[in-house]
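# Examination of the molecular architecture
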Amino acid sequence: MKKILFILATILILAPEAQAISNVHLKEQEARDGDSCYRVGDYAGAISVYEAVLSNGFTSAELYYNLGNAYYRTDDFPRAILNYERAIRLKPSMKDARENLALAQSKTIDHIDNLPRLFIARWIDALRTGVTPAAWRTIWLILLALTTAAILTVTLGRNTILRRWALGIGIALGILFLISTAFLISSTHWRNAHSEAIVMQQSVSVKGSPENQSTDKMILHAGTRVHISESLEGWNKITIADGTSGWCPSEAIERI
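### Brief notes about the packing of aromatic side chains
Within the structure shown, the criterion is met by five aromatic pairs. Residues Y65 and Y84 carry aromatic rings whose centres are separated by 6.1 Å and whose planes lie at 45° to one another, so their mutual orientation is tilted. Here Y84 lies in helix 4 (residues 77-90) and Y65 lies in helix 3 (residues 61-73), a separation of 19 residues in the sequence. A relative accessible area of 17% places Y65 in the buried class. Judged by centre distance (5.3 Å) and plane angle (70°), the rings of Y72 and F77 are edge-to-face. Among the residues examined, Y72 registers a relative accessible area of 23% and is labelled partly exposed. Overall, F77 belongs to the buried group, its relative accessible area being 15%.

Shown next, in the form of structure tokens:
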């Protein structure tokens, strides 16, 4: 009787996980159906399949990349850019997505120069956005373990020289641990905030304030990347690469 109860309990515990794995395999198969459409040149069909998979909650860098390629083939460059950006957000090391993103961006109207920034600011931003939270979490755990080991060596060790070495190393590791903590928090916040967006309308007037009667500050075109700093009743305050800011309707852009 106990053996039967144990088996039933095991089944109940593993059933949800097995169902989740089954669902993942199902979505992967559906995504492969989209790949088949893409290979025969049915780009609209591939888009339909990929979007359906995404709408059911399955996401991956490869899926966004393939969807971006399908949109690129149909000359829908804004949506190609959007999906390449989403692929890179999930997998910053995806070189093909970065190369295709550059190609798609070259097809857009707006070519905005980046606001000059100090090297250290660019370096920090690259570490924050170019390394995934999962990678930072791994680094954080390793540094935590090493720092703890150094502290234990200092407090429990009997060899004076070893303790001195452990103290110096422990201080250095502690500093690196605090830095990795800051980057882990910052990277996680950046990815969850979704404060970057792509202009999706053919053109949009960016206003000085969140109202239609306000003065136009600039005109942006489809495919331009913007940073969202504030939202207010159907309007978003955005900033472009050169530092210029203004308000645009929320429906004119789509968050990455």
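### Side note on helix 3
Quick reminder: α-helices carry 3.6 residues per turn. Residues three or four places apart thus point the same way. Taking 1.5 Å of rise per residue, the 13 residues of helix 3 would be expected to cover 18 Å, and the 18 Å separating its terminal C-alpha atoms lies within 8% of that figure. Of all the positions in helix 3, only A61, L63, Y64, Y65, L67, G68, N69, A70 and Y71 are classed as buried. Positioned one or two residues after helix 3, D75 has a phi angle of 65°, which is positive.

### A closer look at the packing of helix 6 (residues 119-130) against helix 8 (residues 160-193)
In contact at an axis separation of 8 Å, helix 6 and helix 8 are set at 65° when each is read in the N-to-C sense. With respect to helix 8, the element helix 6 is oriented roughly perpendicular. Of the two elements, helix 6 crosses helix 8, and the hand of that crossing is right-handed. Every residue of helix 8 that contacts helix 6 at I124, L127, R128 and T129 is listed here: F183, S186, S187, W190 and R191.

### Quick notes on the pattern of salt bridges
Throughout the structure, instances matching the rule amount to eight salt bridges. As a salt-bridge pair, K91 and E62 come within 3.1 Å of each other at their nearest N and O atoms. In this pair, K91 sits in the loop between helix 4 and helix 5 (95-105) while E62 sits in helix 3, placing the two residues 29 residues apart along the sequence. Residue E62 is classed as partly exposed on the basis of its relative accessible area, which comes to 38%. Through salt bridges with shared partners, a single ionic network connects R79, R86 and E254.

What counts, and at which threshold
Residues numbered from 1 in each chain as written. Predicted model: local features only at pLDDT ≥ 70, side-chain atom pairs only at ≥ 80, totals over all residues. Heavy atoms only, no water. Phe/Tyr/Trp six-rings, centres within 6.5 Å; stacked < 30°, edge-to-face > 60°. Helix = DSSP H or I, 4+ residues; strand = E, 2+ residues; numbered from the N terminus. Buried < 20%, exposed > 50% of the residue type's maximum accessible area, 1.4 Å probe, protein only. Expected span 1.5 Å × (residues − 1). Axes fitted to C-alpha atoms, helices over the stretch in contact; angles between N-to-C directions. Parallel < 35°, antiparallel > 145°, perpendicular 65-115°, else oblique. Left-handed = near helix turned anticlockwise from the far one by under 90°. Contact = heavy atoms within 4.5 Å. Salt bridge = Lys/Arg side-chain N within 4 Å of Asp/Glu carboxyl O.

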